[in-house]
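Notes for the structure review
One letter stands for each residue in the lines below.
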Amino acid sequence: SGSGKSQLQPDEEAKEEEGKLIEWATGDMFVVPAHSKPITHTATSTAVLYWVHDEPLLRYLGVKSSEKKFKPTLYTKEMLMACVEEIKR
């Protein structure tokens, strides 16, 4: 359970997705690209955040992330559950 917000810090060459505020709630998931600046997380109620990354896989493959490939994105619990329902059909 929980809710809050995560503030992404802008780069020197700030793009529109940089400096973005992501407001999240229970069951939501958000992703940020590699090489992002530090993120400030603020919970508005008790929350648990899980950090998952692909660095071990990239290291195993002998490759390195060299550029941002996607924008920070929020997937709400409702969006995720709708996708699960679609798969179940």
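These numbers were taken from a predicted model, which means no experiment stands behind them.

1. Focus: the pairing of strand β1 (residues 3-8)
Burial of the side chains of β1 is restricted to one face: Gly4, Ser6 and Leu8 are buried, whereas none of Ser3, Lys5 and Gln7 on the reverse face is. Direction of pairing for β1 relative to strand β2 (residues 21-25): antiparallel, over a ladder of five bridges. Across the sheet, the residue bridging to Lys5 is Glu23, located in β2. Sheet analysis places β1 next to strand β4 (residues 39-45), joined by six bridges and oriented antiparallel.

2. Concerning the pattern of salt bridges
Applying the stated criterion across every chain, the model contains three salt bridges. When the shortest N-O distance is used, the salt bridge between Glu85 and Lys88 registers 3.3 Å. Of this pair, Glu85 and Lys88 both sit in helix α2 (residues 77-88), three residues apart, roughly one helical turn. A relative accessible area of 37% places Glu85 in the partly exposed class. Across the pair Arg89 and Glu86 runs a salt bridge whose closest N-O atoms are separated by 3.4 Å. Neither residue differs from the other here; Arg89 and Glu86 are each classed as exposed.

About the cut-offs
Residues numbered from 1 in each chain as written. Predicted model: local features only at pLDDT ≥ 70, side-chain atom pairs only at ≥ 80, totals over all residues. Heavy atoms only, no water. Buried < 20%, exposed > 50% of the residue type's maximum accessible area, 1.4 Å probe, protein only. Helix = DSSP H or I, 4+ residues; strand = E, 2+ residues; numbered from the N terminus. Pairing = 2+ DSSP bridges. Salt bridge = Lys/Arg side-chain N within 4 Å of Asp/Glu carboxyl O.

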